[in-house]
Amino acid sequence: MTTPIVTRNRSSIISSPYFSTSTKLTTVTTTIKDKNDETPKKIIKREQIKIEYEEKEEELEEKGDKKRQRNKKEKKIKNDIKKEEEEEKEEEEEEKVIEDIKIKTHINGISLAKIHWKEVWDKIKIMRSENLAPVDTLGAESFNQDNIEPIEKRFHILVGCLLSSQTKDAITHAAVVRLKEYGLTVDKMLTIDTNELETLLYPVGFYKRKAIYLKKIAEILKNKYNGDIPPTFKEIEQLPGIGPKMTNLIVQIAWGRVEGIAVDVHMHRISNRLGWVKTKTPEETMKDLESWLPKENWATVNHLLVGFGQTICSPVNPKCSNCLVNNLCPVGIIEMNSSKKKIKKKIKK
Ligand code: SF4
């Protein structure tokens, strides 16, 4: 007897457009004969036809899949090319707008804010007097007001500056207060356990590394400088964890001498936004500013701009609409005149 499944497969062969007429006839004949009798030979033949049919079907399916994949790939490539062309066009337009802005905000390549730097300076001073900044009450200069021995005060200033890098003024200040409660002297820092010192410094940025620096500094001051901080820029700069920016600040606050400009991230950012400098690092900004800013302004520029950066010209979303120099600053001019967010972002960098 023929099984129902075989009968169904034969029907498919007969109705399929993929088989020749002779194959179909053979299938029909086989089906009729099978009703009476079925020899092993016939069974094999029938199975062969079945396999051939299935193989043919698979082959066609595979061909269809490949074609679909090819079409999909071609479509994706076309879309990518289109997207790239659109981006290039947009980029070109942005560059054009930025160039236009530069022409409007610069004269002979020098920014209006630099040409009129004194006016900018005075207006920033006005804004600073109206907005109290963290640096006014918690910065390194605040350690200079303590009623203590000058040698101890100088050490406090040095420690405050060491802790202040990569750390907000309020956090630095709180850590110095904790150290003072413990006893912020060279001798105490020599004997304090490193873990205990780390606990006192936390959450100052890089507090573990700074704890090690502080102990090393105490050792150097004790052995080389009789417990005081070194008197010269060169010697202070060589202390562990103290860079040129810190050194300028320490020399200025602790020894009352101005030997350079202390440039931090706020100063670096604002100087570039104003077009006072065109630099990549705070060190480059320091050198550039020192090349043209009159020396009598060196002592106050750090305090002026750091506080300005903490209150108005913040790293993200500067308050350009409230800024008195938004008619001279290239970033302010674009902020006030362009609605394109992408361009604003590029200019603020
Ligand atoms: S206009 Fe904006 S970017 Fe320029 S100095 Fe003022 S706040 Fe900073």
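The protein is annotated in an unreviewed UniProt entry as Endonuclease III homolog of Dictyostelium discoideum. Checking UniProt for the protein, the heading Cofactor (unreviewed entry) contains the comment "[4Fe-4S] cluster". According to its UniProt record, the protein has this under Sequence similarities (unreviewed entry): "Belongs to the Nth/MutY family."

In the structure shown here, the tally under the stated rule is 4 aromatic pairs. Both rings, one in tryptophan 117 and one in tryptophan 121, keep their centres 6.1 Å apart while their planes meet at 90°; by these two values the pair is edge-to-face. Taken together, the residues span about one helical turn, with tryptophan 117 and tryptophan 121 both in helix H5 (residues 117–130) at a distance of 4 residues. Overall, tryptophan 117 belongs to the buried group, its relative accessible area being 16%. Since its relative accessible area comes to 4%, tryptophan 121 is described here as buried. Three or more aromatic residues joined by ring pairs make a cluster, and in this case those are Trp117, Trp121, Trp276 and Trp292. One residue, lysine 188, lies across the ring of tyrosine 182, its end atom 5.3 Å from the ring centre.

The subject of this paragraph is the site of the ligand. Around the ligand, the surrounding shell holds 13 residues, and the nearest of these are Cys313, Cys320, Cys323, Cys329 and Gly332. Elements that contribute at least two residues to the shell around the ligand include exactly helix H14 (265–274) and helix H17 (330–337). A per-class count over the shell around the ligand returns 10 nonpolar, 2 polar and 1 charged.

Further remarks concern the side chain of serine 164. Assignment of secondary structure puts serine 164 in helix H7 (residues 150–164). A distance of 2.8 Å separates the side chain of serine 164 from the backbone oxygen of cysteine 161, its partner in a polar contact. Ignoring any residue separated from it by four or fewer positions in sequence, one finds serine 164 in contact with Thr172 and Met246.

A separate point is the pattern of salt bridges. Close approach of charged atoms allows side chains with opposite charge to pair. If you walk through the whole model with that rule in mind, you get 10 salt bridges. Note that glutamate 59 is salt-bridged to lysine 63, the shortest N-O span being 3.9 Å. One end of the pair is glutamate 59 and the other is lysine 63, both in helix H3 (residues 40–105) and 4 residues apart, which spans about a single turn. Two residues, aspartate 136 and arginine 128, come together in a salt bridge whose shortest N-O distance is 2.8 Å. Accessibility expressed as a relative area gives 10% for arginine 128, which makes it buried.

Another aspect to go through is the environment of glycine 160. Inspection of the secondary structure puts glycine 160 in helix H7. Separated by 22 residues in the primary sequence, glycine 160 and leucine 138 have C-alpha atoms spaced 9.9 Å apart. With residues up to four places along the chain from it excluded, the contact list for glycine 160 reads Phe143, Thr172 and Val176.

Examined against the element boundaries, threonine 137 turns out to sit in helix H6 (residues 134–138). Residues contacting threonine 137, with those up to four places away along its chain left out, are Leu132, Ser142 and His173.

Across the interface, H7 lies against helix H8 (residues 169–182) with an axial gap of 9 Å and an inter-helix angle of 140°. Taken as axis vectors, H7 and H8 run oblique relative to one another. Seen along the crossing, H7 lies across H8 with a hand that is right-handed. Side by side, H7 and H8 meet where His156, Val159, Gly160, Leu163 and Ser164 of the first sit next to Thr172, Ala175, Val176, Leu179 and Lys180 of the second. Grouping the constituent residues of the contact of H7 with H8 by class yields 5 nonpolar, 4 polar and 1 charged.

How each quantity is defined
Residues numbered from 1 in each chain as written. Predicted model: local features only at pLDDT ≥ 70, side-chain atom pairs only at ≥ 80, totals over all residues. Heavy atoms only, no water. UniProt positions renumbered as here; feature names shortened; annotations may be inferred. Phe/Tyr/Trp six-rings, centres within 6.5 Å; stacked < 30°, edge-to-face > 60°. Helix = DSSP H or I, 4+ residues; strand = E, 2+ residues; numbered from the N terminus. Buried < 20%, exposed > 50% of the residue type's maximum accessible area, 1.4 Å probe, protein only. Lys NZ or Arg CZ within 6 Å of the ring centre and 35° of its normal. Near = heavy atom within 4 Å. Nonpolar A, V, L, I, M, F, W, Y, C, P; charged D, E, K, R; others polar. Polar contact = N/O pair within 3.5 Å; in protein donor to acceptor, adjacent residues only side chain to side chain. Contact = heavy atoms within 4.5 Å. Salt bridge = Lys/Arg side-chain N within 4 Å of Asp/Glu carboxyl O. Axes fitted to C-alpha atoms, helices over the stretch in contact; angles between N-to-C directions. Parallel < 35°, antiparallel > 145°, perpendicular 65-115°, else oblique. Left-handed = near helix turned anticlockwise from the far one by under 90°.

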